[in-house]
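Below, each chain spelled out in residue letters.
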Amino acid sequence: MSTTSIPAPRTGYSRHKSTRSKFEMFAWLFMRVSGIVLVILIFGHLFVNLWAGEGVQAIDFGFVAGKWASPFWQIWDLLMLWLAMLHGTNGLRTIIMDYAEKPGTRMSLQVILYIASAIVIVLGTLVIFTFDPCPAGADPALLASFCSAA
Amino acid sequence: MAKASTGTLYRGNEGMWSWVAHRVTGVGIFFFLLVHVLDTALVRVSPEAYNAVIGTYKTPVMAFGEIALVAAIAFHAFNGLRVILVDFSKSGPKNQKKLFWGVIIVWLIIMIAFVPRQLMHTFGG
Ligand code: HEM
Ligand code: HEM
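Each value, and the rule that gives it
- Residues numbered from 1 in each chain as written.
- Chains lettered and ligands numbered in written order.
- Predicted model: local features only at pLDDT ≥ 70, side-chain atom pairs only at ≥ 80, totals over all residues.
- Heavy atoms only, no water.
- Helix = DSSP H or I, 4+ residues; strand = E, 2+ residues; numbered from the N terminus.
- Buried < 20%, exposed > 50% of the residue type's maximum accessible area, 1.4 Å probe, protein only.
- Contact = heavy atoms within 4.5 Å.
- Areas by Shrake-Rupley, 256 points an atom, 1.4 Å probe, with all protein chains shown as cover.
- Buried area = accessible area lost by both parts, 1.4 Å probe.
- Salt bridge = Lys/Arg side-chain N within 4 Å of Asp/Glu carboxyl O.
- Polar contact = N/O pair within 3.5 Å; in protein donor to acceptor, adjacent residues only side chain to side chain.
- Nonpolar A, V, L, I, M, F, W, Y, C, P; charged D, E, K, R; others polar.
- Donors = N, O, S within 2.8 Å, 3.2 Å for Na, K, Ca; no water.
- Tetrahedral: all angles 85-135°; square planar, octahedral: opposite > 155°, others 65-115°.
- Phe/Tyr/Trp six-rings, centres within 6.5 Å; stacked < 30°, edge-to-face > 60°.
- Lys NZ or Arg CZ within 6 Å of the ring centre and 35° of its normal.
- Near = heavy atom within 4 Å.

1. Description of the overall build of chain A
Here's step 1: If you tally the helices and strands in chain A, you get 4 helices and 0 strands.
Here's step 2: When its helices and strands are written in sequence order, chain A yields α-α-α-α.
Here's step 3: Classification of the 150 residues of chain A by burial places 38% in the buried group.
Here's step 4: When contacts within chain A are restricted to residue pairs at least 6 apart in sequence, long-range pairs at least 24 apart make up 68% of them.
Here's step 5: Of the roughly 9800 Å² of accessible surface on chain A, a fraction of 70% belongs to carbon and sulfur atoms.

Structural data, given as structure tokens:
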């Protein structure tokens, strides 16, 4: 018995490539999804650091040590760092595309933007994970109370 | 390709001004964040270095800077949510002007709550 297979019509052939790039579609969606998450992360951050208690007057090295002693705030800040930086970098990319018309200017502004963003993301991530709440030899008056306990 | 300076249907209405303000606040917040991560990184240098820099955040001048920052974030956040609603909800485009005034009202409520609180933190009372 012989079967002849007929290829389905219109597969593997398109007259021209789609002009919609996957990356731009993804970037558009990312701006919206990251925006919604950032509302919670940033307002939470501002509430704890600017509104609650004495607000900004209460912030010092010991305050940061107290927060980063908990993985909850470490993850919170890590997410906020990455989402806000990627969201802001992509937003600035759009703006460069809108206003910089010469290819050379576009190119150099983008390179500067990506280098600056990469440095800030890497530095911020390292700071969260290598933070030492009780550095040896530091003035105990400046440290969190749990450094001198035990 | 259309240039940014070419006129659009949006010119001169709520749609255009909210777009301009969204752009300006977005750029402002981005540059604040670059500086903010650098100053927070001073916790890796020494407690004294960090306290010295965060101390400048507590001065009256900076207290107004923080009010400006909160104003920018509150606008960008709620206007961003409006943009998202207009894009994804069926009745969004029809109601975009009402949504714009909704953004202004929520923004006002946040500022009316935050400004006195910030002044109390800064000047005591
Ligand atoms: C004047 C207002 C602000 C104050 C007083 C403030 C204060 C602080 C403090 C004390 C920390 C240390 C860790 C912690 O407390 O969680 C921190 C970290 C951080 N803040 Fe803010 N913040 C402010 C506004 C913002 C805004 C508007 C954003 C986002 C756009 C932001 C993003 C971050 C990030 C990403 C970190 C982690 C930095 C790192 O990874 O090293 N902050 N902030
Ligand atoms: C608080 C939560 C936030 C929400 C809900 C939000 C929402 C949005 C949305 C939906 C867009 C896309 C607009 C469009 O495609 O037409 C956007 C653009 C942008 N956002 Fe945000 N955003 C937030 C936080 C931030 C932060 C923290 C930064 C800075 C680090 C930032 C910087 C920008 C920039 C520069 C643009 C591009 C503006 C333009 O193309 O005109 N946003 N935002």
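This is not the end of the story, as more comes after the structure.
2. Quick look at the interface of chain A and chain B
Here's step 1: Residue-level contacts link 50 residues of chain A with 43 residues of chain B.
Here's step 2: Around 3700 Å² of area is buried between chain A and chain B when both sides are counted, 74% of it from carbon and sulfur atoms.
Here's step 3: On the chain A side of the interface with chain B, the three residues burying the most area are Leu50, Trp51 and Gln57 of chain A, jointly 16% of the side's total.
Here's step 4: Inspection of the chain A/chain B interface yields 2 salt bridges.
Here's step 5: Across the contact surface, chain A and chain B share 11 residue pairs in polar contact (both at pLDDT 80 or more).
Here's step 6: Elements that contribute at least two residues to the side of chain A that touches chain B include exactly α1 (22-51), α2 (61-68), α3 (71-99) and α4 (103-130) of chain A.
Here's step 7: No other element matches α3 of chain A, which puts 12 residues into the side of chain A that touches chain B.
Here's step 8: When its residues are assigned to classes, the side of chain A that touches chain B shows 31 nonpolar, 11 polar and 8 charged.

3. Brief notes about the coordination of the iron atom of ligand 2
Here's step 1: In the first shell of the iron atom of ligand 2, the protein supplies His87 of chain A (NE2) and His76 of chain B (NE2), at 2.0 to 2.1 Å from the metal.
Here's step 2: Around the iron atom of ligand 2 sit 6 donor atoms; with metal-centred angles ranging over 85 to 180°, the donor geometry is octahedral. Placement of His87 of chain A in helix α3 and of His76 of chain B in helix α3 (residues 60-88) is noted, with the two residues assigned to different chains. Summarising the burial analysis for this pair, His87 of chain A and His76 of chain B share the class buried.

4. Observations regarding the packing of aromatic side chains
Here's step 1: For the coordinates displayed, the defined rule picks out 10 aromatic pairs over all chains.
Here's step 2: Relative to Phe31 of chain B, the ring of Phe30 of chain B lies with its centre 5.7 Å away and its plane at 85°, an arrangement referred to as edge-to-face.
Here's step 3: An aromatic cluster is present here, built from Phe61, Trp68 and Phe131 of chain A joined pairwise through their rings.
Here's step 4: The residue whose ring lies beneath Lys67 of chain A is Trp73 of chain A, and the NZ or CZ to ring-centre distance is 4.4 Å.

5. Describing the site of ligand 2
Here's step 1: Contacts to ligand 2 come from 22 residues, most closely from Arg32 and His87 of chain A together with His22, Arg23 and His76 of chain B.
Here's step 2: Residues near ligand 2 are shared among chains A and B, making this a multi-chain site.
Here's step 3: Measuring from an oxygen atom of ligand 2, one finds a side-chain N or O atom of Arg32 of chain A at 3.1 Å.
Here's step 4: Separating a nitrogen atom of ligand 2 from a side-chain N or O atom of His22 of chain B is a distance of 3.2 Å.
Here's step 5: Across the shell around ligand 2, the residue classes tally to 11 nonpolar, 9 polar and 2 charged.

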